[in-house]
Amino acid sequence: MTVHFVGAGPGAADLLTLRAVALLNAADVCVYAGTYLDAAVLGHCPDGARLVDTQDLDLDQITAHLVDAHAAGLEVVRLCSGDPSIYSALHEQTRRLDAHGVPWDVTPGVPAYAAAAARLGAELTVPEVVQSVVLTRTQARSTAMPSGEELAAFAATGATLVLHLAITRARALADELAETYGGACPVAVVANASRPTEVVLRGTLDDIADQVEDAGLRQAAVILVGPALGEDVRGAESYLYDPERDRSAKRT
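Within each chain, residue numbers correspond to sequence positions counted from 1 in written order. Per-residue local features of the predicted model are confined to residues with pLDDT of at least 70, and side-chain atom pairs are confined, for both listing and counting, to 80 or more; whole-chain, interface and lining totals are unaffected and use all residues. Here the side-chain values reflect all heavy atoms present in the structure, with hydrogen atoms and water set aside.

(A) Quick peek at the pattern of salt bridges. When a carboxyl oxygen of Asp or Glu is within 4 Å of a side-chain nitrogen of Lys or Arg, the pair counts as a salt bridge. Inspection of the entire model under this criterion finds 4 salt bridges. D60 is the partner of R96 in a salt bridge, and the nearest nitrogen-oxygen pair spans 2.9 Å. Remark: D60 occurs in helix 2 (residues 59-71) and R96 occurs in helix 3 (residues 90-99); sequence separation between them is 36 residues. Notably, a salt bridge pairs R119 with E198, separated by 2.6 Å at the nearest N-O pair. In this pair, R119 is assigned in helix 4 (residues 112-120) and E198 in the loop between strand 8 (186-191) and strand 9 (199-204), connecting sequence segments 79 residues apart. Note on classification: 1.4 Å probe, protein chains only; a residue is buried when its accessible area is under 20% of the maximum for its type, exposed when over 50%, partly exposed between these limits. By relative accessible area, which is 44% here, R119 ends up partly exposed. Only DSSP runs of H or I covering at least 4 residues are called helices, and only runs of E covering at least 2 are called strands; the numbering of each starts at the N terminus.

(B) The arrangement of the packing of aromatic side chains in detail. Under the pairing criterion, centres of Phe, Tyr and Trp rings, with the six-membered ring standing for Trp, must be within 6.5 Å; the plane angle then separates stacked pairs below 30 degrees from edge-to-face pairs above 60, leaving the rest tilted. Applying the stated criterion to the full structure yields 1 aromatic pair. Aromatic pair F5 and W104: ring centres 6.4 Å apart, planes at 90 degrees, arrangement edge-to-face. Of this pair, F5 sits in strand 1 (residues 3-7) while W104 sits in strand 5 (residues 104-107), placing them 99 residues apart in sequence.

(C) Focus on the packing of helix 2 against helix 3. Contact geometry for helix 2 and helix 3: axes closest at 10 Å, N-to-C directions at 50 degrees. The pairing of helix 2 with helix 3 is recorded here as oblique in orientation. Seen from above, helix 2 lies across helix 3 with right-handed handedness. On the side of helix 2, the interface is formed by L59, D60, I62, T63, L66 and V67, while helix 3 contributes E92, Q93, R96 and L97. For the contact of helix 2 with helix 3, the class distribution of residues is 5 nonpolar, 2 polar and 3 charged. Lines fitted to the C-alpha atoms define the axes, with helices restricted to the stretch that makes contact. Angles between their N-to-C directions range from 0 to 180 degrees. Each angle gets one of four labels, with under 35 degrees taken as roughly parallel, over 145 as roughly antiparallel, 65 to 115 as roughly perpendicular, and the rest as oblique. For any pair of crossing helices, the crossing counts as left-handed if the nearer helix is rotated counterclockwise from the farther one by less than a right angle, and right-handed if it is rotated clockwise. The contact definition used throughout considers only heavy atoms, calling two residues in contact when any of these lie within 4.5 Å. All residues other than Ala, Val, Leu, Ile, Met, Phe, Trp, Tyr, Cys, Pro, Asp, Glu, Lys and Arg, Gly among them, are scored as polar; the first ten of these are nonpolar and the last four charged.

(D) Examining the domain arrangement of the protein more closely. Where each domain starts and ends comes from a domain assignment, either automatic or drawn from a database. Domain boundaries in the protein define domain 1 (3-107) and domain 2 (112-229). If you average the C-alpha positions of domain 1 and of domain 2, the two centres end up 28 Å apart. Counting residues at the interface gives 11 residues for domain 1, matched by 13 residues for domain 2. Once two parts are joined, some of their accessible surface, as seen by a 1.4 Å probe, is lost; buried area is that loss totalled over both. Taking both partners together, domain 1 and domain 2 bury about 950 Å²; carbon and sulfur atoms supply 63% of that area. The interface formed by domain 1 and domain 2 holds 0 salt bridges in total. For the purposes of these results, a polar contact is taken to be a pair of N or O atoms within 3.5 Å, where, inside protein, one atom must be able to donate a hydrogen and its partner to accept one; residues adjacent in sequence count only when each atom of the pair is a side-chain atom. Where domain 1 meets domain 2, there are 3 residue pairs in polar contact (both at pLDDT 80 or more). Tallied by class, the residues present in the side of domain 1 that touches domain 2 amount to 7 nonpolar, 3 polar and 1 charged.

(E) Here's a closer look at unusual backbone geometry. One non-glycine residue with positive phi stands out, namely E128, at about 65 degrees. Among the secondary structure elements, E128 is positioned in the loop between helix 4 and strand 6 (133-137). One non-glycine residue with positive phi stands out, namely L165, at about 55 degrees. Note on placement: L165 falls in the loop between strand 7 (160-164) and helix 6 (170-181).

Below you can see the structure in the form of structure tokens.
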């Protein structure tokens, strides 16, 4: 049997891919991150499926559940919040499964930042305003950041920044980023995107920390920073759809 790592999206039961739902429908065992999922997501599992919440487990304990289920010939889904390609511990888990000779595959999901941008009705790459998006995090009670990935270095590019796992440091981060973006730079915070408990805050680097603290946000939130987040942002028209663009040439 194969262990399926499945992106559960931002948490809403109707924001999973069709493939993800099909895998959940067939799962004998579902190992999931309870902190970041709405309970309705698990409703896609069949009656009688064994549900294992990982929020109090370490990686070796999680791996043991996956290996044991595989050995028993059971269909296993390892649900990851958002998309498995970022901050999912996919690398650590698959390395352990490889050591046990357990096959695995990956099904992508809707990343939290995309759900947040959708809720804001925002395009993060506005022509001639910003054309790059940086997905990153900061270090607090977490794994050290690699050398060269300092927040100030990313900010210097002027890109739209999406900060994960950073909500408890909102004030310090806002102060640091204001040095580059300016205190009036637009900021949005979206917590529990797409879930019934969703919270959306909009402001600037000067005032967003006060809003975060007043809302009592402590987890499951992304912080988006940059001029593209402005509600009245004005950029250029995309060349792709320019009426003056020559569309007669053959594509290569």
